[in-house]
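Per-entry structural report
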Amino acid sequence: MSEPPAPLRLLHLEDSDLDHELALAQLQRSGLDVRARRVETRDEFEAALARRWDAIVSDYNLPGFSGLQALRLVRARDAIVPFILVSGEIGEDLAVAAMRDGASDYLLKSGLARLAPALEHAIDAARTRAAKLEADRELAESRRRLAELARHLQTRVEAERAAIAREIHDDVGGSLTALKFDIDWIRRHSAEPALQQRAASALETVTHAIGASQRIMHNLRPAILDQGLVAALQWLAGRFEKRTGVDCLFRTGDERIGAPGQELPDGVPLVAYRTAQEALTNISKHAQAQRVTMDLSLSGGVLSLEISDDGRGLSQSDLAKAGSFGIRGLHERAGTVGGWIELGSTGGTDGGTTLLLSIPLDAALPQAASRRREDGTDAEADDDASHGTDREHDPSVWSSL
Ligand SMILES: Nc1ncnc2c1ncn2[C@@H]1O[C@H](COP(=O)(O)OP(=O)(O)OP(=O)(O)O)[C@@H](O)[C@H]1O
Ligand SMILES: [Mg+2]
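Now for a look at the structure at hand. (Residues numbered from 1 in each chain as written. Chains lettered and ligands numbered in written order. Predicted model: local features only at pLDDT ≥ 70, side-chain atom pairs only at ≥ 80, totals over all residues.)

If you tally the helices and strands in the chain, you get twelve helices and twelve strands. Counting across all 401 residues of the chain, residues that qualify as buried make up 32%. Summarising the internal contacts of the chain: among those between residues at least 6 apart in sequence, 72% fall at separations of at least 24. (Helix = DSSP H or I, 4+ residues; strand = E, 2+ residues; numbered from the N terminus. Buried ≥ 20, exposed ≤ 12 C-beta atoms within 10 Å, placed from the backbone. Contact = placed C-beta atoms within 7 Å.)

Take the nonpolar core next. Counting residues in each nonpolar core, the largest one holds 36 residues, and the members touching the most others are Leu229, Ala232, Leu233, Leu236, Ala272, Ala276 and Met294. Counting only elements with at least two residues in this core, the list comes to α7 (229-244), β8 (247-252), α8 (268-287), β9 (291-299), β10 (302-309), α10 (326-335) and β12 (353-360). In terms of residue count, α8 provides more of this core than any other element does, ten residues in total. In this structure, Leu229 is in contact with Ile257, Gly258, Leu264, Pro269, Ala272 and Tyr273, ignoring residues within four places of it in sequence. The next biggest cluster of nonpolar side chains, apart from the first, holds 28 residues, and it includes Ile56, Phe83, Ile84 and Leu85. (Core = buried A, V, L, I, M, F, W, Y, C linked by C-beta atoms within 7 Å.)

Right, let's talk about the sheet that holds strand β7 (residues 105-108) for a bit. If you trace the five strands from one edge of the open sheet to the other, you get β2-β1-β3-β6-β7, paired in parallel fashion. Both edges of this open sheet fall to β2 (34-39) and β7, since each of them pairs with a single strand only. Across this sheet, the average inter-strand angle for adjacent strands is 20°, counted without regard to direction. Across six bridges, strand β1 (residues 8-13) lies against β2 in parallel orientation. Paired with Leu10 across the strands is Ala36, a residue of β2. On top of the sheet, helix α1 (residues 17-29) reaches β1, β2 and β3 (55-59); it is set at about 165° to β2, its chief contact. Packing against the sheet, helix α5 (residues 115-189) makes contact with β3, β6 (83-87) and β7, and its axis sits at approximately 175° to β7. (Pairing = 2+ DSSP bridges. Axes fitted to C-alpha atoms, helices over the stretch in contact; angles between N-to-C directions.)

Moving on, we get to the sheet that holds β10. One open sheet accounts for five strands, arranged β8-β9-β10-β12-β11; its pairing is mixed. Taken across any chain shown, the strands that pair with only one partner, and hence form the sheet edges, are β8 and β11 (340-345). Each strand axis lies, on average, 10° off the axis of its neighbour in the sheet, ignoring direction. Pairing of β9 with β10, which is carried by eight bridges, proceeds in the antiparallel orientation. The residue bridging Asp295 from the neighbouring strand is Glu306, located in β10. Those strands touched by α7 are β8 and β9, and its axis lies near 165° from that of β8.

It is worth spelling out the environment of His20 at this point. Mapped onto the elements, His20 comes out in helix α1. Taking the C-alpha atoms as reference points, His20 and Arg38, 18 residues apart in sequence, are found 7.4 Å from one another. Setting aside its immediate chain neighbours within four residues, His20 contacts His12, Glu14 and Arg38.

As a further point, take the site of ligand 1. As a matter of local geometry, ligand 1 sits amid 20 residues, with Asn282, Ala287, Ser324, Gly326 and Ile327 nearest to it. Contributions of two or more residues to the shell around ligand 1 are made by α8, α9 (316-319) and α10. With five residues, the top contributor of residues to the shell around ligand 1 is α8. Along the lines of polarity and charge, the residues of the shell around ligand 1 split into seven nonpolar, seven polar and six charged. (Near = placed C-beta within 6 Å. Nonpolar A, V, L, I, M, F, W, Y, C, P; charged D, E, K, R; others polar.)

Let's shift gears to α1. Relative to the 18 Å expected for 13 residues at 1.5 Å per residue, α1 spans 18 Å between its end C-alpha atoms, a close match to the ideal helical length. Within two residues after α1, Gly31 carries a phi angle of roughly 85°, on the positive side. (Expected span 1.5 Å × (residues − 1).)

Right, here's the structure in full:
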């Protein structure tokens with residue numbers, strides 16, 4: 001058997017005993033089970049607010065106090081509890097003030113028959129509002145946790161990639177280099193032409209394997225960043241131009257941004273580098289552009305990297321694609337150093353797309369102190385593996401034989 005509903009806890013601010021009794025009689029006649037408490041003065045009212053009420057009904061005219069003041073006191077503590085104002089007469093000004101200050105309803109003393117339905121309606125509305133607030137709060141909390149997880153994953157992935165790059169460098173790279181020496185030695189010390197030929201062919205294979213490992217390693221850890229952000233972005237722009245045939249102009253007002261000796265906060269160069277990489281990958285995949293410009297600047301303590309193309313532009317629906325994570329990942333990545341991403345697109349023939357990364361360096365600093373240096377790979381990793389790396393400028397190459 002289900003429990004009977006609990007009586008309605010009603011706080012009634014009313015200086016007239018008779019009016020209080022009238023109101024209660026109305027509620028009883030309507031079948032509402034009410035447990036009411038009457039208070040008359042401001043002090044009593046304030047003291048009563050320490051307890052929980054299902055609804056508050058207040059007279060408008062009280063000696064030394066008013067229903068509107070009572071309403072403000074209530075709303076300062078509780079945005080939801082239903083509050084019904086009852087007055088001998090209600091002018092338009094009072095009605096407007098009451099609704100503006102958060103009254104659920106207002107009634108005339110001569111129309112107390114409306115009290116019960118007004119109370120029920122106000123309680124329903126308050127319940128709905130409380131449920132919505134709770135749902136909003138849960139949604140915001142869930143979003144916050146998801147963003148936190150995404151950032152944590154980004155950082156972990158970068159750290160893992162850096163560790164794998166180190167292993168490839170130290171273990172695979174070292175072994176291949178030793179193997180290359182040995183095969184070369186065999187080739188030079190063999191008098192037999194067939195053996196020499198085999199050794200030469202093995203050398204070629206090992207050289208190829210070394211090249212492939214270097215490319216993989218570079219994608220895992222962009223060692224070019226050790227030369228500074230400007231050098232790294234210049235290198236990216238040059239490689240993009242060479243690979244795609246699309247003009248890519250890199251500009252910066254200050255060549256020393258992020259250079260050794262003028263380091264940016266930990267994590268910032270990698271975020272900028274990965275942003276440029278994803279933007280360029282997107283341009284080559286989607287934009288059909290003729291020309292790309294990349295601008296790096298540092299002004300007012302904010303590092304900005306803007307990548308613009310003159311391609312077909314993008315729309316909101318492009319950004320909502322279910323299987324697309326590049327730009328979403330950039331938002332999370334920028335967030336790891338206190339920055340953000342803005343995208344602009346005018347579309348059309350002279351449209352194009354602009355992606356702007358902004359990082360206030362003050363915001364990046366405190367987080368950076370507690371974070372490990374991030375290194376890692378990117379959306380271009382697969383792409384890179386199938387293309388030659390520009391070895392002259394790629395500092396991730398191992399020392400040659
Ligand atoms: N420079 C651009 N010009 C035109 N369209 C673009 C550009 N950059 C992105 N887009 C559009 O925005 C969409 C989302 O880009 P996003 O980088 O998030 O995902 P993706 O490139 O499709 O996939 P991935 O997850 O591999 O990055 C793209 O599918 C494309 O339609
Ligand atoms: Mg992409």
